[in-house]
Amino acid sequence: MNKNEILEIFRKTGALLEGHFQLTSGLHSGQYFQCAKVLQYPEHAELLCGLITKHFSNENIQVVIAPAIGGIIVGQEVARLMRVRSIFTERHNGMMMLRRGFTISPGERVLVCEDVITTGGSVNEVIDIVKNNGGNVIGVGVIVDRSGGKSQFNNLYATLTLQVETFPPDNCPLCKNNLPIAKPGSRESKLR
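Residues numbered from 1 in each chain as written. Predicted model: local features only at pLDDT ≥ 70, side-chain atom pairs only at ≥ 80, totals over all residues. Heavy atoms only, no water.

Trainee: Looking at this structure, how should I read the overall build of the protein chain?
Mentor: The helix and strand inventory of the protein chain stands at six helices and nine strands. The C-alpha atoms of the protein chain give 16 Å as radius of gyration, which agrees with the globular expectation for 192 residues (16 Å, within 12%). When its C-alpha atoms are laid out on the principal axes, the protein chain stretches across 50 × 40 × 30 Å. By the burial criterion, 45% of the 192 residues in the protein chain qualify as buried. Restricting to contacts in the protein chain with at least 6 residues of sequence separation, those with at least 24 account for 63%. Put simply, the protein chain shows about 9,800 Å² of open surface, and 47% of that area lies on carbon and sulfur atoms. Averaging the positions of the 20 positive and the 17 negative side-chain charges in the protein chain gives two centres separated by 3 Å. (Helix = DSSP H or I, 4+ residues; strand = E, 2+ residues; numbered from the N terminus. Rg over C-alpha atoms; globule rule 2.2 N^0.38 Å. Buried < 20%, exposed > 50% of the residue type's maximum accessible area, 1.4 Å probe, protein only. Contact = heavy atoms within 4.5 Å. Areas by Shrake-Rupley, 256 points an atom, 1.4 Å probe, with all protein chains shown as cover. Lys, Arg positive; Asp, Glu negative; His and termini not counted. Charge placed at Lys NZ, Arg CZ, Asp CG, Glu CD.)

In structure tokens, the structure reads:
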């Protein structure tokens, strides 16, 4: 699949939003990729996650891990296609951590998956958790890399890489134009 075909899936599913958004990173942007709107269709999830799976098919992955909430479907689908375990991290009192009895064995070969990265903050937190538990991070697979390829991860694969303009909140032209801001991310979500 090429970039335009993937973008067409986002447009067709209403997952490429235009406006004024506060990203999970705290940055502001005029575009937002709501991957959940794409991933709600199993055929799109299988197609996009299949690209990630294919990229890492020779890496002997033993477990896939993803940050909640956005990465869970990506991680689950990639793990299903690879026929390996799928686990996720989640925030508890503002800290990303393994919960629900999930474990990583020392030396286990781990693939980190996420739906969208801009700064890669959540992915970095997950990588730290894997390393602190003795796991071996083999790579990072994402649906959308909004950084234009500036994310600094070893063995990063994105199905779609774009340079999407972002702004610090104190220097945002959208704020200066008094455009209402939406915060569609999952950072504040509570899993039980």
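Trainee: How do you make sense of the environment of Glu-59 when you look at a structure like this?
Mentor: Along the chain, Glu-59 falls in the loop between helix 3 (42-55) and strand 3 (63-67). Looking at Glu-59, the relative accessible area reads 25%, which means it is partly exposed. When the C-alpha positions of Glu-59 and Leu-111 are compared, they lie 9.2 Å apart, and in sequence the two are 52 residues distant. Residues within four places of Glu-59 in sequence aside, it is in contact with Arg-109, Ile-138 and Asn-155.

Trainee: Looking at this structure, how should I read the environment of Gly-135?
Mentor: Tracing the backbone shows Gly-135 in the loop between helix 5 (121-132) and strand 7 (136-145). Classification of Gly-135 by relative accessible area gives buried; the value is 12%. Separated by 66 residues in the primary sequence, Gly-135 and Ile-69 have C-alpha atoms spaced 22 Å apart. Setting aside its immediate chain neighbours within four residues, Gly-135 contacts Ile-104, Ser-105, Gly-107, Glu-108 and Val-130.

Trainee: What should I look at first to understand the packing of helix 1 (residues 3-12) against helix 3 in this one?
Mentor: A pair of packed helices is captured by two measures, namely the crossing angle of their axes and the spacing between those axes. For the pair helix 1 and helix 3, interaxial distance at closest approach is 12 Å and the crossing angle is 150°. With respect to their mutual orientation, helix 1 and helix 3 come out roughly antiparallel. Taken as a pair, helix 1 and helix 3 cross one another with a handedness that is left-handed. In this structure, helix 1 contributes Ile-6, Ile-9 and Lys-12 to the contact, and helix 3 contributes His-44, Leu-47, Leu-48 and Leu-51. (Axes fitted to C-alpha atoms, helices over the stretch in contact; angles between N-to-C directions. Parallel < 35°, antiparallel > 145°, perpendicular 65-115°, else oblique. Left-handed = near helix turned anticlockwise from the far one by under 90°.)

Trainee: How should I be thinking about the sheet that holds strand 8 (residues 156-161) in this particular structure?
Mentor: Sheets are built from strands paired through backbone hydrogen bonds, the pairs being either parallel or antiparallel. Strand order in the open sheet made by the six strands is 5-4-3-6-7-8, with mixed pairing throughout. Each edge of the sheet is formed by a strand with only one pairing partner; in this case those strands are strand 5 (95-98) and strand 8. Here the strands of the sheet are splayed against their neighbours by 25° on average, with no regard to which way each runs. Two elements, strand 6 (residues 109-117) and strand 7, share eight bridges in a ladder whose sense is parallel. Looking at the pairing, Glu-114 lines up with Val-142 of strand 7. (Pairing = 2+ DSSP bridges.)

Trainee: Just checking my understanding: could you explain the nonpolar core for this structure?
Mentor: Soluble globular proteins tend to bury their nonpolar side chains together. Grouped together as the largest cluster of nonpolar side chains are 31 residues, with contacts concentrated most on Phe-10, Phe-33, Val-78, Leu-111 and Ile-143. Looking at this core, the elements that each hand over two or more residues are helix 1, helix 2 (35-39), helix 3, helix 4 (70-82), strand 6 and strand 7. In this structure, Val-78 is in contact with Cys-49, Ile-52, Thr-53, Val-64, Leu-111 and Cys-113, ignoring residues within four places of it in sequence. (Core = buried A, V, L, I, M, F, W, Y, C linked by side-chain atoms within 4.5 Å.)

Trainee: Sorry, what's going on with the pattern of salt bridges here?
Mentor: Pairing of side chains with opposite charge becomes possible as their charged atoms draw close. The final tally for this structure, using the stated rule, is seven salt bridges. Between Glu-59 and Arg-109 there is a salt bridge, and its shortest N-O distance comes to 3.7 Å. Of this pair, Glu-59 sits in the loop between helix 3 and strand 3 while Arg-109 is found in strand 6, placing the two residues 50 residues apart along the sequence. Under the relative-accessibility criterion, Arg-109 is labelled partly exposed at 23%. Taking the shortest distance from any N to any O, the salt bridge between Arg-85 and Glu-108 comes out at 3.0 Å. (Salt bridge = Lys/Arg side-chain N within 4 Å of Asp/Glu carboxyl O.)

Coordinates in, geometry out; function isn't part of it.
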